[in-house]
Structure formats: structure tokens, C-alpha cells
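# Working through the structure, step by step
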Amino acid sequence: MRRGGSLALLVAAEVAAMSLWFSASAVVPALAQDLTLSPTRLALFTSAVQAGFVVGTVISALLLLADRVDARRLFALSALVAAIANGGLLILPMDGAMVIVLRFLTGLCMAGVYPVGMRIAASWARTDGGSDMGLLVGLLVAALTLGSATPHLLNGLGGLDWRFTIAGGSVLALAAAVMVTGVAMGPNTSRSPPFNPSHALAGFRQPALRLANLGYLGHMWELYAMWAFVVLFLEASFAMQLPPAVAAAWAPMAAFAAIGIGGVVGCLAGGWLADRAGRTLVTSLAMSASALCAVATALVFGLAPWLVFALVLLWGVAVIADSAQFSASVAELSDPRLVGTMLTVQTSAGFLLTLVTIHLMPLLVEAVGWRFAFVALAPGPILGVWAMLSLRRRPEAGCLAGGRR
């Protein structure tokens, strides 16, 4: 299969498989209505996937799986096991311990889907003097961003029966396992390295890779906390100007627009610009804008809903515009034989950090309220700007975007 067909099929398979992750957000509100489950258990239903992903990426990085195993087979097997684990939720009691184990296993399998998909996409990047690495990885992240926003749309439209959502996720993951077998690897595929677990540390031993990963960590400090709580921020702000029922109805739709539509625009525009103007420049500008938006939430909270929505929509674009460019940077700075492992290490560290900020946000809301809670996210992208501008000054930055720093 040629480049265009392989990439289109890969994007479809990636979104279909990752729907298992995103479906968790969609079913939790329905579970809370249908079953008597504690808030802690409902939180575990989602965070267990995140924790499983971190463990899975650590294992994959230490074993160099993304570079030593056929990426398409790893993707297919991961999607297949995840589909089975997710389907098990339909036959087990939701208040049992095995449900959390299955959610953890689903996250574990996602480590064989998300970074591996980026590895396959990177294998198709141009090497003829130009660069489209940022746009290729950006396509994957854009599709995944739209998928992650879908639960907000479902909730805004009234949602679906949680059993249908779970079953649908498993069917999509099974389809992904089949689809990815039709994807071809691109020409940028190097011979697998000999097994050496210490290779996994290269992402933090080598200065240029370390700075790119620090930039990614600064970005991730903010990203998932914003995605997870922006709907609650919007509802609280809208409720100061609108009747509570109206605020509750409009907040999920506004969150979908900010995360989904804003995210797709940000990913595609960020990838296109980074391939032409430079990765360190675009990531620094995006993180600067994102940090300003985080601070500005304190200024607009409780004002006219259209103004609050406009700011959050802008934030939705800025907060994700740089995301794919950190992965593209790591792919370009890494030993070609270790691209998959370096991408896995990067995502592992980033998603581990999100566990901190996701659990930090409720404490901040309780302490300072919604007006000031998001301000605490601004230091992350500020650190990221420093890291990427530091990388810009290093000679290795000449490898980025065909020489465009």
C-alpha cells in the first residue's frame, strides 16, 4: 500500500483502538446514575487506564518493543487484547475488583497503540530535503484529540447507554486490529538494535533529547488537566450568568468545541507551521500563548459566556498545537534504530506527570476556587518554552524540520 493509503488507514486504526481509552470518560457519568458507586471508584475507573498506560510504556521502553517487534503486529495484538479486556466489563459486576484490573489492562495495551502508531507514521516522513514529520504526527494527534473530545459531545446530546458505549469501543478496537495489518511501513525503518535496556535512558542522557522531553513534560503538565476539568470550569463560569440548567447544557458543547475542534485546528496548523518555520519556534509560541490563556481564565471567569468560551476555544488551539512537535522532534533527534523506544519513553514520562496534575486540580479548586485554579497550570508551559529555546541554541537542532529550528 502506498504512503497516502497507509497513513489514512493508520489514522483510522489509531482512533478506533484509542476509543477504548476515551470511552471511559463517556461512561462514568452514566455509571454514576445507574449504579451506586463511590466517587473514588468512579475516579479509579478512569485513572486505572492512565496508570496502566504508564506501566505499559515503561515495560515497552525497557524491552525496546517498539523497535524490536514488527510495529504493526504489536499494534494489532495490543488492540486485540484491549478489546477483550474492555468487553469483559459487560459480564462483570461494576463494583468488583476485576473491573479495575481490566481497565488497567486496557491502559497497558494502549502503550502498544499510541506511541507505536506515531512510530509507523514517522517511518513515512520525507527525507528529500524537505520535512513533513510534524504534519504526519500532527494528523495522528489531531485525530486522537477529536476522539478524546467526543465524550463531551455525547454528554451534551444526552449520552448513550454505557453498555452500548463499552461494546462499541471493543468492536472498534477489533476493527483496528484488522485494519493495521493492511498498513505498510515507510522507508524510514532501520534495522532493530540489539537488546539493551539502557537504551531506554537515552532520552534523558543525551542533552538535545533531554531538552525536547522537558519541553514535552511542560506541555503535559497543562494539557490533560485542562482537558479533564475545562467542562467543570465552563459550567461554573456560565452559571454566574445563566440559569444552572442552561449552563449545564452548554458547558459540554463548549468543551467539545474547545478540545475537539480547537485541537484539530491546533494540531494541523502547528504541524504545518513547524515543518516550515521550525519546531522550537512553533512550540515556544504555542506554549507562551497557552500559558497566557491559563492565566487569563482568572480574569474572565464569571463574565459573559461568549467571552469565556472565546478564551477557552483559543486555549484549546494553543494547548495542543505543540503536542505532536515534541514527538516529531524526538523522532528526528533519536538514533533511527530507537525512534519507537524514544517515543515510548517520552509518552511514558508525560502521562505519568498527568497523574499528578489531574489529582492536583480538585485540591486547587477546593483551595482557591475555579477563578484561580487553572493559573497553576501556567508554570508547565513556561518551563517548556525555556527547554525548547535552549534546544534551539544547540547544534543538534539543525536536525529538526530539515534544518528549520
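Cut-offs applied
- Residues numbered from 1 in each chain as written.
- Predicted model: local features only at pLDDT ≥ 70, side-chain atom pairs only at ≥ 80, totals over all residues.
- Heavy atoms only, no water.
- Helix = DSSP H or I, 4+ residues; strand = E, 2+ residues; numbered from the N terminus.
- Buried < 20%, exposed > 50% of the residue type's maximum accessible area, 1.4 Å probe, protein only.
- Contact = heavy atoms within 4.5 Å.
- Areas by Shrake-Rupley, 256 points an atom, 1.4 Å probe, with all protein chains shown as cover.
- Phe/Tyr/Trp six-rings, centres within 6.5 Å; stacked < 30°, edge-to-face > 60°.
- Salt bridge = Lys/Arg side-chain N within 4 Å of Asp/Glu carboxyl O.
- Patch = residues over 30% accessible without salt bridge, like charges linked within 9 Å, V, L, I, M, F, W, Y side chains within 5 Å.
- Core = buried A, V, L, I, M, F, W, Y, C linked by side-chain atoms within 4.5 Å.
- pLDDT = per-residue confidence, 0-100.
- Axes fitted to C-alpha atoms, helices over the stretch in contact; angles between N-to-C directions.
- Parallel < 35°, antiparallel > 145°, perpendicular 65-115°, else oblique.
- Left-handed = near helix turned anticlockwise from the far one by under 90°.
- Nonpolar A, V, L, I, M, F, W, Y, C, P; charged D, E, K, R; others polar.

A separate point is the overall build of the protein chain. Regarding its fold elements, the protein chain presents 17 helices and 0 strands. When burial is assessed residue by residue, the protein chain has 56% of its 405 residues classed as buried. Restricting to contacts in the protein chain with at least 6 residues of sequence separation, those with at least 24 account for 85%. Approximately 15700 Å² of the protein chain is accessible, and the part contributed by carbon and sulfur atoms is 71%.

Further remarks concern the packing of aromatic side chains. Note on aromatic pairs: each is described by the distance of the centres and the angle between the planes. A complete count under the given rule lists 12 aromatic pairs for this structure. Seen from their ring centres, Phe-233 and Phe-301 are 5.5 Å apart, and the 45 degrees between their planes marks the pair as tilted. Here the residue Phe-233 occupies a position in helix α10 (residues 207-238), and Phe-301 occupies one in the loop between α12 (279-300) and α13 (305-321), the gap between them amounting to 68 residues. By relative accessible area, which is 10% here, Phe-301 ends up buried. Each member of the aromatic cluster is reached from another via a ring pair, and the members are Phe-229, Phe-233, Phe-301, Trp-315, Trp-370 and Phe-374.

For the coordinates displayed, the defined rule picks out 4 salt bridges. Across the pair Glu-396 and Arg-394 runs a salt bridge whose closest N-O atoms are separated by 3.2 Å. Overall, Glu-396 belongs to the partly exposed group, its relative accessible area being 25%. For Arg-394, a relative accessible area of 28% translates into the label partly exposed. Residues participating in the shared-partner salt-bridge network are Asp-275, Arg-279 and Glu-332.

A surface patch of nonpolar side chains, amounting to about 360 Å² of accessible area, comprises Val-55, Val-58, Ile-59, Leu-62 and Leu-63. With respect to the helices and strands, the residue Ile-59 is situated in helix α2 (residues 39-63).

Looking now at the nonpolar core. Residues Phe-75, Leu-234, Phe-351 and Met-361 are the most contacted members of the largest nonpolar core, which totals 110 residues. With 17 residues, the single largest contributor to this core is α10. Formed by 8 residues, the second largest nonpolar core is a distinct cluster that contains Met-94, Val-99, Trp-162 and Ile-166.

The subject of this paragraph is the confidence of the model for the protein chain. Close reading of the predicted structure is inappropriate where its pLDDT is low. With 86% of its residues at a pLDDT of 70 or more, the protein chain has an overall mean of 83. Model confidence for the protein chain, summarised as mean pLDDT per element, is weakest for helix α7 (residues 133-156) at 72 and strongest for α12 at 95.

As a packed pair, α10 and helix α14 (residues 323-333) sit with axes 10 Å apart at the nearest point and diverge in direction by 165 degrees. Here α10 lies roughly antiparallel to α14, going by the angle between them. The handedness of the crossing between α10 and α14 comes out as left-handed. On α14, the residues that touch Ala-208, Leu-209, Ala-212, Asn-213, Gly-215, Tyr-216 and His-219 of α10 are Ser-323, Phe-326, Ser-329, Val-330 and Leu-333. Each residue belonging to the contact of α10 with α14 can be placed in one class, and the counts come to 7 nonpolar, 5 polar and no charged.

Turning our attention to the side chain of Thr-106. Mapping Thr-106 onto the fold places it in helix α5 (residues 97-110). Setting aside anything within four residues of it in sequence, one finds Thr-106 in contact with Leu-20, Ala-82, Ala-85 and Asn-86.

Bringing the packing of α10 against helix α11 (residues 244-277) into the picture now. Viewed as axis vectors pointing N to C, α10 and α11 meet at an angle of 140 degrees, and their least axial separation amounts to 8 Å. With respect to each other, α10 and α11 are oriented oblique. The handedness of the crossing between α10 and α11 comes out as right-handed. Along the contact surface, α10 presents Trp-227, Val-230, Val-231, Leu-234, Glu-235 and Phe-238, while α11 presents Ala-247, Ala-248, Trp-250, Ala-251, Pro-252, Ala-254, Ala-255 and Ile-259.

With that out of the way, let us pick up the environment of Ser-170. Within the fold, Ser-170 resides in helix α8 (residues 162-179). What makes Ser-170 buried here is its relative accessible area of 8%. The sequence separation of Ser-170 and Leu-80 amounts to 90 residues, and the corresponding C-alpha distance is 8.7 Å. When neighbours within four sequence positions are excluded, Ser-170 is seen to be in contact with Leu-20, Ala-83, Asn-86 and Gly-87.

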